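Spelled out from the first residue to the last, the chains are:
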Amino acid sequence: MKFKKITNKFFRTTYKPIKNSLAIYPAYNGCMFGTYGIEFEYVKEILKELPSCVWTVVEADGVLIICSGFHFINRCGYIITEIPCPDDTLIQVE
């Protein structure tokens, strides 16, 4: 498995996060999905069909980062992208 760190700008232009139309004021420029309720149910549905398109916003040492894949520990929310993360790669967005 490969590990890559990328910039937020590269992430947005390459993987193309989708807008969250389920929330009134979603974070991350309108693209973050919540960790409970209808937003979380939507994330789980996408996870079943397109797991490589689900990314997790996590807090690590007081800093928010986006990691490819679905994670539960220290999660703050989820991002769903149009373009999937490569299967053999773990990506961290700084």
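Residues numbered from 1 in each chain as written. Predicted model: local features only at pLDDT ≥ 70, side-chain atom pairs only at ≥ 80, totals over all residues. Heavy atoms only, no water.

1. Things to note about the pattern of salt bridges
Put simply, the test is: Whenever a carboxyl oxygen of Asp or Glu lies within 4 Å of a side-chain nitrogen of Lys or Arg, that contact is scored as a salt bridge. Here a strand is any run of E in DSSP of at least two residues, a helix any run of H or I of at least four, and the numbering for each starts at the N terminus. The buried label goes to any residue with under 20% of its type's maximum accessible area, the exposed label to any with over 50%, and the partly exposed label to all in between, with areas taken from a 1.4 Å probe on protein chains only.
By the definition in use, this model includes 4 salt bridges. Note that Asp88 is salt-bridged to Lys2, the shortest N-O span being 3.5 Å. Of this pair, Asp88 sits in the loop between strand S5 (75-80) and strand S6 (89-93) while Lys2 sits in strand S1 (residues 2-6); the two residues are 86 residues apart in sequence, bridging distant segments of the chain. Exposure remark for Asp88: the relative accessible area of 39% places this residue in the partly exposed category. Its relative accessible area of 48% is what places Lys2 among the partly exposed residues.

2. A closer look at unusual backbone geometry
Here the phi dihedral of Tyr28 falls at roughly 55°; this positive angle occurs in a residue that is not glycine. Here Tyr28 lies in helix H2 (residues 27-30). Here Asp61, not a glycine, exhibits a phi torsion of approximately 55°, which is positive. The residue Asp61 is located in the loop between strand S3 (54-60) and strand S4 (63-68) in this model. With relative accessibility at 84%, the residue Asp61 sits in the exposed group.

3. A closer look at the packing of aromatic side chains
Note the threshold: Any pair of Phe, Tyr and Trp rings, taking the six-membered ring for Trp, is counted once the centres come within 6.5 Å. Such a pair is stacked with planes under 30 degrees apart, edge-to-face with planes over 60 apart, and tilted for the rest. Here, a charge over a ring means that NZ of Lys or CZ of Arg falls within 6 Å of the ring centre while also lying within 35 degrees of the ring normal.
Summed over all chains, the structure comprises 8 aromatic pairs. Judged by centre distance (6.1 Å) and plane angle (35°), the ring pair of Phe11 and Tyr15 falls under tilted. Note that Phe11 and Tyr15 are positioned in helix H1 (residues 8-15) at a spacing of 4 residues, about one turn of the helix. Tyr15 gets classed as buried once you look at its relative accessible area, which sits at 6%. Pairing Phe11 with Tyr28 gives two aromatic rings, centres 6.4 Å apart and planes at 50°, and the pair type is tilted. With Phe11 in helix H1 and Tyr28 in helix H2, this residue pair connects regions lying 17 residues apart in the sequence. A single burial state applies to Phe11 and to Tyr28, both of which are buried. Members of the aromatic cluster, connected to one another through ring pairs, are Phe11, Tyr15, Tyr28 and Trp55. Between Arg75 and the ring centre of Phe40, over which it is positioned, the NZ or CZ distance is 5.0 Å.

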